[in-house]
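One letter stands for each residue in the lines below.
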Amino acid sequence: GGSELGSIDEENRKFPTEHGPNPTSQLIQSLQNPNSIKTYVALVRGEGILHGEDLKTKGWFTIDRPIKDEKGRVRDAITEFRFLAGYTVVVLDELGSEDRGENG
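About the criteria used
Residues numbered from 1 in each chain as written. Predicted model: local features only at pLDDT ≥ 70, side-chain atom pairs only at ≥ 80, totals over all residues. Heavy atoms only, no water. pLDDT = per-residue confidence, 0-100. Helix = DSSP H or I, 4+ residues; strand = E, 2+ residues; numbered from the N terminus. Contact = heavy atoms within 4.5 Å. Salt bridge = Lys/Arg side-chain N within 4 Å of Asp/Glu carboxyl O. Buried < 20%, exposed > 50% of the residue type's maximum accessible area, 1.4 Å probe, protein only. 1 Å grid on protein atoms, 1.4 Å probe; cavity = no way out; pocket = protein on both sides within 12 Å on 5 of 7 lines; lining within 4 Å. Points joined across faces, edges and corners; volume = space filled by probe spheres on them. Nonpolar A, V, L, I, M, F, W, Y, C, P; charged D, E, K, R; others polar.

Chemist: Which residues make up the confidence of the model for the chain, and what values do they have?
Modeler: For the chain, the mean per-residue pLDDT works out to 75, and 72% of the residues sit at or above 70. When mean pLDDT is compared element by element in the chain, strand E5 (residues 74-75) scores highest at 92, while helix H1 (residues 2-14) scores lowest at 50. Note that pLDDT drops below 50 for residues 1-8; the model gives that stretch zero contacts with residues more than four away or on any other chain.

Chemist: Explain the pattern of salt bridges to me, using residue names and the numbers behind them.
Modeler: All told, the structure shown has four salt bridges when counted by the stated rule. Close ionic contact of Arg73 with Asp69 constitutes a salt bridge, the shortest N to O distance being 2.9 Å. Accessibility expressed as a relative area gives 40% for Arg73, which makes it partly exposed. When its relative accessible area of 18% is taken as the criterion, Asp69 is described as buried. The residue Asp69 makes a salt bridge to Arg75 at a minimum N-O spacing of 3.2 Å. Where salt bridges share partners, they join Asp69, Arg73 and Arg75 into one cluster.

Chemist: Account for the layout of surface pockets, with residues named and values stated.
Modeler: Unfilled space is identified by rolling a water-sized probe across the atoms. Put simply, the largest pocket is a space of about 1400 Å³. Taken together, 34 residues make up the lining of the largest pocket; nearest its centre are Lys38, Thr39, Tyr40, Thr79 and Glu80. Elements represented by at least two residues in the lining of the largest pocket include exactly helix H2 (23-32), strand E4 (67-68) and strand E6 (78-81). At four residues, E6 tops the list of elements feeding residues into the lining of the largest pocket. Classifying every residue of the lining of the largest pocket by side-chain character gives 19 nonpolar, seven polar and eight charged.

In structure tokens:
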């Protein structure tokens, strides 16, 4: 059951592996460090245009604003973005006319 898995997980956290400290424990500690840098990759839809600006040509840019954590507390956050690619969806109707969707 779940309690068995939980106790195995707890045991793994307590003991180092033959190659050094437990990697899961190290990862958790690193992510909890306020100085850690986390990198995420997100696949999103859209052309990469925001308020008329083509984000694909912008390179890396920084957003510095507070965000809420999982408990609803406001935390300072600096996030760096790079928009790599975008696309336009072209749909042909019955008459062959183009409809470029939301952005078109």
